[in-house]
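Okay, here's what each chain looks like letter by letter:
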Amino acid sequence: MTFATLGLIEPLLRSLETLGYQTPTPVQAQAIPAVLAGRDLMAAAQTGTGKTAGFAVPLLQLLAMEGPKVTANSVRALILVPTRELAEQVHEAVRQYAENLPLSTYAVYGGVSINPQMMKLRKGVDLLVATPGRLLDLFRQNALKFNQLQTLVLDEADRMLDLGFSEELGNIYRVLPKKRQTLLFSATFSDAIRLLAGQMLNDPLSIEVSPRNVAANTVKQWVVTVDKKRKPELFIHLLRKGKWKQVLVFAKTRNGVDALVEKLQGLGINADGIHGDKPQATRQRALDRFKASEVQILVATDVAARGLDIEDLPLVVNFDLPIVAEDYIHRIGRTGRAGSTGQAISLVCADEVNLLSAIETLTRQTLPRQVEHDFEPEHRVPDTDASGQVVKKPKKPKKPKTSSGGKRNLGKWVESGEASAPEPSIKPVRKVPVFNTGPRKRKP
Ligand code: AMP
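Residues numbered from 1 in each chain as written. Predicted model: local features only at pLDDT ≥ 70, side-chain atom pairs only at ≥ 80, totals over all residues. Heavy atoms only, no water.

1. Observations concerning the overall build of the protein
A tally of regular secondary structure across the protein gives 17 helices and 14 strands. The buried share among the 444 residues of the protein stands at 58%. Across the protein, the fraction of contacts at a sequence separation of at least 24, relative to all contacts at a separation of at least 6, is 75%. (Helix = DSSP H or I, 4+ residues; strand = E, 2+ residues; numbered from the N terminus. Buried < 20%, exposed > 50% of the residue type's maximum accessible area, 1.4 Å probe, protein only. Contact = heavy atoms within 4.5 Å.)

Here you go:
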């Protein structure tokens, strides 16, 4: 199958060729004809599957072929994303796909001045990528109108709900034209997502692409068990032993990111960190330097790392396991992309056994374990398997409270994490309440 057989026009085929896309990925093969045919879409696809081109390319074709010229302060297509980084990344992809088309595109998000965004929107833009909070701010200040809107895309919808954007999504939904095409992409389909889909979509076509970490074996994953307090030491030991050249490291909290970066820099190791407390420009600079291989180790929280597109990243290290199991899939999706092989190593301490179990259940695999010589944990990490069973409780669980009904109380982890600055205070995806009653609000 080729992109031409999917019905794409020549200017788009040229852009894709320039980018080196030869064959459509499975999500593209299914989504492109459906979007071109005007269908609503509900797609289970996560980052790394090529989903961005799956919705953006046919969307650009519709904008180029159909509909009126955009008028002042209007948008014809809107792509909603959960974070600034993803907004930048999706817009960059859109810009490349639209290279040979006479269409205007732009991205708006919070954390930067609103005035230049208002100026830019004056003439109207054909395709706008936006985070929900800033989009509403712009709408309320009359910088945006939706009367010309043809298509709405909700990208990483599960993440938007995780981040507490359900109220914003509801408010946006109420001001959009009823007659429009809507495409919803989500890595997971919780009840809250289904409810959102039920409200926003009209007779959608469902597309499901197997999570790459379950289906494809391009990412070699394993766990190294260790005591919590020895994680930094173990990380440095593994870094030296493995002669790691470029590593993306995930830590649970902002403080955790800062502490590890400081430790590494103190040893003369070229490291930088990104998290939600840092200004957008600083985050972008750190990311650009990492991409350009000027920084060897980038330590990030999940929110800050969301949507990072770094090609051929050989290694991802989970310094802490993610609180939300689905984030594990997003994290390791940074490596082993487009057929290249990658490695994902998780440093796991006894406290994290329930998180490990949740990941293994979600990914339907038991992650192989290793113990490094001289780093044997004093607090043994109980055995786990993909059935969700934790064979033995840790000897000294830190906060041994369990929830009233559930097997695992991942929510407690959120609360018992660093009270000063958890990033963010999210609850496990499956426990997210329904649309409009989402967890604490947090703007990216
Ligand atoms: P996404 O899942 O949209 O974040 O895309 C993941 C990566 O795959 C990005 O670096 C894309 O540029 C790349 N990509 C998307 N579609 C294709 C394709 N058909 N062939 C090769 N690379 C692709």
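From this point, the narrative continues.
2. Things to note about the sheet that holds strand 3 (residues 105-108)
With respect to topology, seven strands assemble into an open sheet ordered 3-4-2-5-6-1-7, the strand pairing being parallel. In the strand order of this sheet, the two ends are held by strand 3 and strand 7 (205-208), each with one partner. Averaged over all pairs of adjacent strands, the angle between their axes in this sheet comes to 15°, without regard to strand direction. (Pairing = 2+ DSSP bridges. Axes fitted to C-alpha atoms, helices over the stretch in contact; angles between N-to-C directions.)

3. So, the packing of aromatic side chains
Taken as a whole and judged by the stated rule, the model has five aromatic pairs. Taking the centre distance of 6.4 Å and the plane angle of 75° together, the rings of Phe235 and Phe319 count as edge-to-face. One end of the pair, Phe235, is in helix 11 (residues 231-241); the other, Phe319, is in the loop between strand 12 (315-318) and helix 15 (325-332), and 84 residues separate them in sequence. One exposure class covers both Phe235 and Phe319, and it is buried. Aromatic rings pair up to connect Phe235, Trp244 and Phe319 into one cluster. (Phe/Tyr/Trp six-rings, centres within 6.5 Å; stacked < 30°, edge-to-face > 60°.)

4. Overview of the sheet that holds strand 8 (residues 219-225)
Pairing is parallel across the open sheet formed by seven strands, whose spatial order is 10-11-9-12-13-8-14. The open sheet is flanked by strand 10 (271-274) and strand 14 (369-370), the only strands paired with a single partner. Across four bridges, strand 10 lies against strand 11 (residues 297-300) in parallel orientation. Among the inter-strand pairings, Ile274 is bridged to a residue of strand 11, identified as Ala300. Together, strand 8, strand 9 (247-250), strand 11, strand 12 and strand 13 (342-348) form the strand contacts of helix 11, whose direction differs from that of strand 13 by roughly 155°.

5. Side note on the packing of helix 3 (residues 51-65) against helix 4 (residues 84-97)
Taken N-terminus to C-terminus, the directions of helix 3 and helix 4 make an angle of 45°; their axes are 10 Å apart at the nearest point. One way to sum up the angle between helix 3 and helix 4 is to call them oblique. In this structure, helix 3 meets helix 4 at a crossing whose hand is right-handed. On the side of helix 3, the interface is formed by Thr52, Ala53, Phe55, Ala56, Val57 and Leu60, while helix 4 contributes Val90, Ala93, Val94 and Tyr97. Of the residues contributing to the contact of helix 3 with helix 4, the split by class is nine nonpolar, one polar and no charged. (Parallel < 35°, antiparallel > 145°, perpendicular 65-115°, else oblique. Left-handed = near helix turned anticlockwise from the far one by under 90°. Nonpolar A, V, L, I, M, F, W, Y, C, P; charged D, E, K, R; others polar.)

6. Brief notes about the packing of helix 15 against helix 16 (residues 353-363)
At a minimum axis separation of 8 Å, helix 15 and helix 16 run at an interaxial angle of 70°. By the angle class used here, helix 15 and helix 16 are roughly perpendicular. For the pair helix 15 and helix 16, the sense of crossing is right-handed. Across the interface between the two elements, Ala325, Glu326, Tyr328 and Ile329 from helix 15 touch Ala358, Ile359, Leu362 and Thr363 from helix 16. Class assignment for the residues of the contact of helix 15 with helix 16 results in six nonpolar, one polar and one charged.

7. Some remarks on helix 12 (residues 254-266)
When the terminal C-alpha atoms of helix 12 are compared, their 18 Å separation across 13 residues agrees well with the 18 Å that a helix rising 1.5 Å per residue should span. Every buried residue of helix 12 is accounted for by Arg254, Gly256, Val257, Leu260, Val261 and Leu264. Relative to the axis of helix 12, the buried residues are bounded by an arc of 160° and lie together on one face. More than 90 degrees from the buried face of helix 12, the exposed residues found are Glu262 and Gly266. Here the buried face of helix 12 lies against helix 11, strand 9, strand 10 and strand 11. Backbone geometry just after helix 12 places Gly268 at a positive phi near 80°. (Expected span 1.5 Å × (residues − 1). Arc of directions from axis to C-beta.)

8. Details of the nonpolar core
One recurring pattern in soluble globular proteins is that nonpolar side chains are buried together. Counting residues in each nonpolar core, the largest one holds 43 residues, and the members touching the most others are Leu60, Ile79 and Leu127. The set of elements that each furnish at least two residues to this core consists of helix 1 (10-19), helix 2 (26-36), strand 1 (41-44), helix 3, strand 2 (75-80), helix 4, strand 4 (125-130) and strand 6 (181-186). Take this core: its biggest share by element is eight residues, from helix 3. In this structure Ile79 touches Phe55, Leu59, Val90, Val94, Leu127, Leu128, Val129, Ala130, Val153 and Asp155, once residues within four positions along its chain are discounted. With 39 residues, the next largest nonpolar core counts Leu128, Leu136, Ala157 and Leu169 among its residues. (Core = buried A, V, L, I, M, F, W, Y, C linked by side-chain atoms within 4.5 Å.)

9. Digging into helix 1
Those residues of helix 1 that fall on the buried side of the exposure criterion are Pro11, Leu12, Ser15 and Leu16. The buried residues of helix 1 all sit within an arc of 135° when viewed along its axis, so they share a single face. Facing away from the buried side of helix 1 by over 90 degrees, the exposed positions are Glu17 and Thr18. Elements in contact with the buried residues of helix 1: helix 3 and helix 4. Looking at the residues trailing helix 1, positive phi occurs at Gly20, about 85°.

10. Points about the pairing of strand 6
Here strand 6 lies mainly inside the structure; six of its six residues are buried. Here strand 6 shows two buried faces, one formed by Gln181, Leu183 and Phe185 and the other by Thr182, Leu184 and Ser186. Relative to strand 6, strand 1 runs parallel, the two sharing four bridges. Its bridge partner being in strand 6, Met42 is matched across the sheet by Leu184. Pairing of strand 5 (residues 151-154) with strand 6 involves four bridges; the strand directions are parallel. Directly across from Leu154, in strand 6, lies its bridge partner Leu184.

These figures capture arrangement, not role.
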